[in-house]
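Here's the letter readout for the chains.
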Amino acid sequence: MKNRRNSIKVFKNTFLTEEEKNLLKLSLEKFLLKFEFSGVFNIVIVDNVYIRNLNKEYRKIDKPTNVLSFFLGNNVLGEVYISKDIALIESKEYKIPLMERIIFLAKHG
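Residues numbered from 1 in each chain as written. Predicted model: local features only at pLDDT ≥ 70, side-chain atom pairs only at ≥ 80, totals over all residues. Heavy atoms only, no water.

## Structural notes on the side chain of S83
At step 1: Within the element layout of this structure, S83 appears in strand β4 (residues 76-83).
At step 2: S83 gets classed as buried once you look at its relative accessible area, which sits at 0%.
At step 3: A distance of 3.1 Å separates a polar atom in the side chain of S83 from the backbone nitrogen of I86. (Helix = DSSP H or I, 4+ residues; strand = E, 2+ residues; numbered from the N terminus. Buried < 20%, exposed > 50% of the residue type's maximum accessible area, 1.4 Å probe, protein only. Polar contact = N/O pair within 3.5 Å; in protein donor to acceptor, adjacent residues only side chain to side chain.)

See below:
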């Protein structure tokens, strides 16, 4: 296997504490080690208004969703947008911690 470097960047982190941000980055770095990707992987934590606008613009669906992902190419593998609002509802529904749900959605994206 080639020596590859992945970089996880968490944006809009005002929705996450520094500890949550680090947990997310560590979990995703571990996850990406299984794959031969090289580059930057951006995570953007947003609210329902923001993700609804993205969903409407890019998927023509005028409602919020839990996660949207965009492949960017080159050195940036892609961006994953996660609605913290929906992740919170889903974490309560599934009876799991919020960060567990956010990590799952980031991996899914």
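There is more to say after this.
## So, unusual backbone geometry
At step 1: Even without being glycine, K60 reaches a positive phi, approximately 60°.
At step 2: Its place among the elements puts K60 in the loop between α2 (48-59) and β3 (67-73).
At step 3: The backbone phi angle of K95 is positive, close to 55°, even though this residue is not glycine.
At step 4: Assignment of secondary structure puts K95 in the loop between α3 (84-94) and α4 (98-108).
At step 5: On the basis of relative accessible area, K95 is assigned to the exposed category, the value being 75%.

## Some thoughts on the pairing of β3
At step 1: Where β3 meets β4, 6 bridges bridge the pair, whose relative direction is antiparallel. Paired with V67 across the bridge in β4 is I82.
At step 2: Between β3 and β4, which pair antiparallel in sequence order, lie 2 residues; one of them, N74, sits at a positive phi of approximately 55°. (Pairing = 2+ DSSP bridges.)

## Structural notes on α3
At step 1: Of all the positions in α3, only K84, I86, A87, E90 and S91 are classed as buried. Down the axis of α3, the smallest arc covering the buried residues is 155°, so these residues share one side. Every exposed residue of α3 that faces more than 90 degrees away from the buried side is listed here: I89, K92 and E93.
At step 2: Buried-residue contacts for α3 involve β2 (39-46), α2, β4 and α4. (Arc of directions from axis to C-beta. Contact = heavy atoms within 4.5 Å.)

## A look at the pairing of β2
At step 1: Within β2, 8 of the 8 residues are buried, leaving the element largely enclosed by the surrounding structure.
At step 2: Pairing geometry for β2 and β4, over 7 bridges, is parallel. Residue pairing for β4: V46 is matched across the bridge by S83.

## Overview of the pattern of salt bridges
At step 1: In the structure shown here, the tally under the stated rule is 2 salt bridges.
At step 2: One salt bridge in this structure joins R52 and D62, with 2.9 Å as the shortest N-O distance. Here D62 lies in the loop between α2 and β3 and R52 lies in helix α2, a separation of 10 residues in the sequence.
At step 3: When its relative accessible area of 41% is taken as the criterion, D62 is described as partly exposed.
At step 4: Here R101 makes a salt bridge to E90, at a shortest N to O gap of 2.9 Å. One end of the pair, R101, is in helix α4; the other, E90, is in helix α3, with 11 residues separating them in the sequence. (Salt bridge = Lys/Arg side-chain N within 4 Å of Asp/Glu carboxyl O.)

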